[in-house]
Amino acid sequence: MRIGYGFDSHEFHTGIPLMIGGVMLPHNEGLGGHSDGDVLLHAITDALLGAMAAPDIGALFPPSDPKWKGADSVIFLREALKRVHDAGYAVANLDASLILVAPKIGPHSAAIRTRVAELLSIAADCVGLKAKTPEGLNLDNAAIAHVVVLLEKTKRSKKKSRRKRHAAKR
(Lines give C-alpha, C1' and ligand atoms only; values in the text may rest on other atoms or scores of the structure.)
Protein backbone atom coordinates (compact mmCIF):
# COMPACT_ATOMS: atom_id res chain seq x y z
CA MET A 1 0.00 0.00 0.00
CA ARG A 2 1.00 3.61 -0.50
CA ILE A 3 -0.42 6.85 0.88
CA GLY A 4 -0.30 10.22 -0.84
CA TYR A 5 -1.18 13.71 0.34
CA GLY A 6 -2.08 16.65 -1.86
CA PHE A 7 -2.79 20.33 -1.21
CA ASP A 8 -3.84 23.16 -3.48
CA SER A 9 -5.27 26.64 -3.18
CA HIS A 10 -6.54 29.28 -5.58
CA GLU A 11 -8.04 32.75 -5.29
CA PHE A 12 -11.52 33.60 -6.51
CA HIS A 13 -11.83 35.89 -9.55
CA THR A 14 -14.83 37.19 -11.46
CA GLY A 15 -15.48 36.13 -15.05
CA ILE A 16 -14.26 32.54 -14.57
CA PRO A 17 -16.46 29.45 -14.26
CA LEU A 18 -16.11 27.65 -10.92
CA MET A 19 -14.86 24.07 -11.31
CA ILE A 20 -14.49 21.89 -8.23
CA GLY A 21 -13.92 18.17 -8.54
CA GLY A 22 -14.65 18.21 -12.26
CA VAL A 23 -18.09 19.74 -11.66
CA MET A 24 -19.07 23.25 -12.71
CA LEU A 25 -20.75 24.93 -9.75
CA PRO A 26 -23.07 27.92 -9.98
CA HIS A 27 -21.24 30.87 -8.46
CA ASN A 28 -20.45 34.46 -9.43
CA GLU A 29 -16.68 33.81 -9.27
CA GLY A 30 -14.33 31.03 -10.28
CA LEU A 31 -10.88 29.99 -9.16
CA GLY A 32 -7.93 31.61 -10.85
CA GLY A 33 -5.11 29.39 -12.00
CA HIS A 34 -3.10 28.75 -15.11
CA SER A 35 -5.42 25.85 -15.99
CA ASP A 36 -9.13 25.75 -15.09
CA GLY A 37 -8.22 26.28 -11.40
CA ASP A 38 -9.95 23.11 -10.16
CA VAL A 39 -8.48 23.12 -6.66
CA LEU A 40 -9.81 19.65 -5.78
CA LEU A 41 -8.56 17.87 -8.91
CA HIS A 42 -5.17 19.57 -8.49
CA ALA A 43 -4.88 18.33 -4.90
CA ILE A 44 -5.98 14.81 -5.94
CA THR A 45 -3.40 14.83 -8.73
CA ASP A 46 -0.64 15.81 -6.31
CA ALA A 47 -1.77 13.16 -3.81
CA LEU A 48 -1.58 10.47 -6.50
CA LEU A 49 1.80 11.69 -7.70
CA GLY A 50 3.08 11.93 -4.14
CA ALA A 51 2.03 8.36 -3.39
CA MET A 52 4.17 7.27 -6.35
CA ALA A 53 7.10 9.51 -5.35
CA ALA A 54 6.70 11.18 -8.76
CA PRO A 55 7.25 14.85 -9.63
CA ASP A 56 4.40 17.15 -8.56
CA ILE A 57 1.74 18.70 -10.78
CA GLY A 58 3.75 21.90 -11.27
CA ALA A 59 6.79 20.00 -12.50
CA LEU A 60 4.78 17.87 -14.95
CA PHE A 61 2.48 20.67 -16.14
CA PRO A 62 4.40 23.91 -15.53
CA PRO A 63 2.32 27.09 -15.36
CA SER A 64 5.04 28.73 -17.46
CA ASP A 65 4.02 26.50 -20.39
CA PRO A 66 1.30 28.26 -22.42
CA LYS A 67 -0.17 24.93 -23.59
CA TRP A 68 -1.66 24.40 -20.10
CA LYS A 69 -3.39 27.81 -20.07
CA GLY A 70 -7.08 27.13 -19.38
CA ALA A 71 -6.51 23.34 -19.58
CA ASP A 72 -9.08 20.93 -18.16
CA SER A 73 -7.63 19.58 -14.89
CA VAL A 74 -8.92 16.12 -15.79
CA ILE A 75 -5.88 15.91 -18.10
CA PHE A 76 -3.56 16.24 -15.11
CA LEU A 77 -5.51 13.73 -13.06
CA ARG A 78 -5.49 11.17 -15.86
CA GLU A 79 -1.71 11.42 -16.21
CA ALA A 80 -1.23 10.88 -12.48
CA LEU A 81 -3.65 7.95 -12.53
CA LYS A 82 -1.79 6.43 -15.50
CA ARG A 83 1.41 6.53 -13.46
CA VAL A 84 -0.39 4.84 -10.57
CA HIS A 85 -1.71 2.06 -12.81
CA ASP A 86 1.61 1.63 -14.65
CA ALA A 87 3.29 1.02 -11.30
CA GLY A 88 0.74 -1.70 -10.52
CA TYR A 89 -1.42 0.19 -8.05
CA ALA A 90 -5.07 1.19 -7.87
CA VAL A 91 -6.86 3.79 -5.79
CA ALA A 92 -8.48 2.18 -2.74
CA ASN A 93 -10.03 5.34 -1.34
CA LEU A 94 -9.70 9.09 -1.12
CA ASP A 95 -10.53 11.59 1.59
CA ALA A 96 -10.76 15.31 0.83
CA SER A 97 -11.43 18.50 2.75
CA LEU A 98 -12.42 21.70 0.97
CA ILE A 99 -12.00 24.98 2.80
CA LEU A 100 -13.94 27.93 1.42
CA VAL A 101 -16.60 30.44 2.40
CA ALA A 102 -18.83 30.11 -0.66
CA PRO A 103 -20.45 28.49 -2.42
CA LYS A 104 -21.79 25.97 0.06
CA ILE A 105 -20.56 22.54 -1.02
CA GLY A 106 -23.31 20.49 0.67
CA PRO A 107 -25.82 20.79 -2.19
CA HIS A 108 -23.11 19.72 -4.68
CA SER A 109 -21.33 17.10 -2.58
CA ALA A 110 -22.98 14.06 -4.19
CA ALA A 111 -22.24 15.29 -7.72
CA ILE A 112 -18.60 16.02 -6.84
CA ARG A 113 -18.12 12.65 -5.13
CA THR A 114 -19.72 10.86 -8.09
CA ARG A 115 -17.52 12.69 -10.63
CA VAL A 116 -14.31 12.10 -8.66
CA ALA A 117 -15.21 8.42 -8.25
CA GLU A 118 -15.87 8.17 -11.99
CA LEU A 119 -12.53 9.78 -12.83
CA LEU A 120 -10.68 7.43 -10.47
CA SER A 121 -12.70 4.32 -11.43
CA ILE A 122 -13.73 3.67 -7.84
CA ALA A 123 -17.08 3.53 -6.06
CA ALA A 124 -18.54 6.82 -4.81
CA ASP A 125 -18.56 5.42 -1.26
CA CYS A 126 -14.74 5.32 -1.50
CA VAL A 127 -14.62 9.12 -1.89
CA GLY A 128 -14.85 11.15 1.29
CA LEU A 129 -15.62 14.85 0.93
CA LYS A 130 -15.95 17.41 3.67
CA ALA A 131 -16.33 21.17 3.43
CA LYS A 132 -15.25 23.65 6.07
CA THR A 133 -15.14 27.41 6.33
CA PRO A 134 -11.86 29.21 7.04
CA GLU A 135 -13.12 30.86 10.22
CA GLY A 136 -10.66 33.39 11.56
CA LEU A 137 -8.01 32.61 8.94
CA ASN A 138 -8.65 35.64 6.68
CA LEU A 139 -8.98 33.36 3.63
CA ASP A 140 -12.43 34.47 2.47
CA ASN A 141 -11.29 34.99 -1.14
CA ALA A 142 -9.69 31.57 -1.59
CA ALA A 143 -10.54 27.90 -1.89
CA ILE A 144 -8.23 25.29 -0.41
CA ALA A 145 -8.22 21.52 -0.83
CA HIS A 146 -6.48 18.87 1.26
CA VAL A 147 -6.53 15.30 -0.06
CA VAL A 148 -5.25 11.93 1.14
CA VAL A 149 -5.30 8.87 -1.12
CA LEU A 150 -4.65 5.23 -0.32
CA LEU A 151 -3.28 3.05 -3.09
CA GLU A 152 -3.16 -0.72 -3.04
CA LYS A 153 -0.95 -3.01 -5.08
CA THR A 154 -2.86 -4.78 -7.84
CA LYS A 155 -0.14 -6.42 -9.92
CA ARG A 156 3.49 -6.13 -10.84
CA SER A 157 4.39 -2.91 -12.58
CA LYS A 158 4.55 -2.77 -16.38
CA LYS A 159 8.21 -1.86 -16.14
CA LYS A 160 10.14 -4.93 -15.04
CA SER A 161 13.44 -4.35 -13.41
CA ARG A 162 16.54 -5.33 -15.35
CA ARG A 163 17.31 -8.06 -12.82
CA LYS A 164 13.81 -9.55 -13.16
CA ARG A 165 14.03 -9.52 -16.99
CA HIS A 166 17.43 -11.20 -16.83
CA ALA A 167 16.17 -13.84 -14.37
CA ALA A 168 13.16 -14.51 -16.60
CA LYS A 169 15.47 -15.29 -19.56
CA ARG A 170 17.26 -18.04 -17.61
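Residues numbered from 1 in each chain as written. Predicted model: local features only at pLDDT ≥ 70, side-chain atom pairs only at ≥ 80, totals over all residues. Heavy atoms only, no water.

(A) The arrangement of the packing of aromatic side chains in detail. With the rule as written, the count across this model stands at three aromatic pairs. Here the aromatic rings of Phe61 and Phe76 are separated by 4.4 Å at their centres, their planes lie at 40°, and the arrangement is tilted. With Phe61 in the loop between helix H2 (57-60) and helix H3 (74-86) and Phe76 in helix H3, this residue pair connects regions lying 15 residues apart in the sequence. Across the pair, Phe76 and Phe61 agree in class, each one buried. Three or more aromatic residues link up through ring pairs in this structure, and these residues are Phe61, Trp68 and Phe76. (Phe/Tyr/Trp six-rings, centres within 6.5 Å; stacked < 30°, edge-to-face > 60°. Helix = DSSP H or I, 4+ residues; strand = E, 2+ residues; numbered from the N terminus. Buried < 20%, exposed > 50% of the residue type's maximum accessible area, 1.4 Å probe, protein only.)

(B) Here's a closer look at the layout of surface pockets. Volume-wise, the largest pocket comes out at about 230 Å³. In this structure, the largest pocket is lined by 16 residues; those nearest its centre are His34, Ser35, His42, Phe61 and Pro63. Looking at the lining of the largest pocket, the elements that each hand over two or more residues are strand E1 (2-14), helix H1 (39-51) and H2. Per-class residue counts for the lining of the largest pocket are eight nonpolar, six polar and two charged. (1 Å grid on protein atoms, 1.4 Å probe; cavity = no way out; pocket = protein on both sides within 12 Å on 5 of 7 lines; lining within 4 Å. Points joined across faces, edges and corners; volume = space filled by probe spheres on them. Nonpolar A, V, L, I, M, F, W, Y, C, P; charged D, E, K, R; others polar.)

(C) Representation of the sheet that holds strand E7 (residues 142-153) within the structure. Spatial strand order, E4-E1-E7-E5-E6: five strands in an open sheet with mixed pairing. Only two strands of the sheet have a single neighbouring strand rather than two, namely strand E4 (29-31) and strand E6 (127-132). Ignoring which end each strand starts from, the neighbouring axes of this sheet average 20° apart. As paired elements, strand E5 (residues 89-99) and E7 share 10 bridges and run antiparallel to each other. Note on E7: the bridge partner recorded for Tyr89 is Lys153. Packed on one face of the sheet, H1 meets E1, E4, E5, E6 and E7 and runs near 155° to E1. (Pairing = 2+ DSSP bridges. Axes fitted to C-alpha atoms, helices over the stretch in contact; angles between N-to-C directions. Contact = heavy atoms within 4.5 Å.)

(D) Broad picture of the nonpolar core. In terms of nonpolar packing, the biggest core is built from 42 residues, with Ile20, Leu40, Ile44, Leu48 and Leu120 touching the most fellow members. No other element matches H1, which puts nine residues into this core. (Core = buried A, V, L, I, M, F, W, Y, C linked by side-chain atoms within 4.5 Å.)

(E) Seen up close, the packing of H1 against H3. Axis separation between H1 and H3 bottoms out at 9 Å; the angle between their running directions is 20°. Classed by the angle they form, the pair H1 and H3 counts as roughly parallel. H3 is crossed by H1, and the crossing has left-handed handedness. Contacts between H1 and H3 involve Leu41, His42, Ile44, Thr45, Leu48 and Leu49 on the former and, on the latter, Val74, Phe76, Leu77, Ala80, Leu81, Arg83 and Val84. Considering only residue class, the contact of H1 with H3 consists of 10 nonpolar, two polar and one charged. (Parallel < 35°, antiparallel > 145°, perpendicular 65-115°, else oblique. Left-handed = near helix turned anticlockwise from the far one by under 90°.)

(F) A nonpolar patch on the surface, seen in detail. A surface patch of nonpolar side chains, amounting to about 410 Å² of accessible area, comprises Ile3, Tyr5, Phe7 and Val148. Tracing the backbone shows Tyr5 in strand E1. On the basis of relative accessible area, Tyr5 is assigned to the partly exposed category, the value being 49%. (Patch = residues over 30% accessible without salt bridge, like charges linked within 9 Å, V, L, I, M, F, W, Y side chains within 5 Å. Areas by Shrake-Rupley, 256 points an atom, 1.4 Å probe, with all protein chains shown as cover. Salt bridge = Lys/Arg side-chain N within 4 Å of Asp/Glu carboxyl O.)

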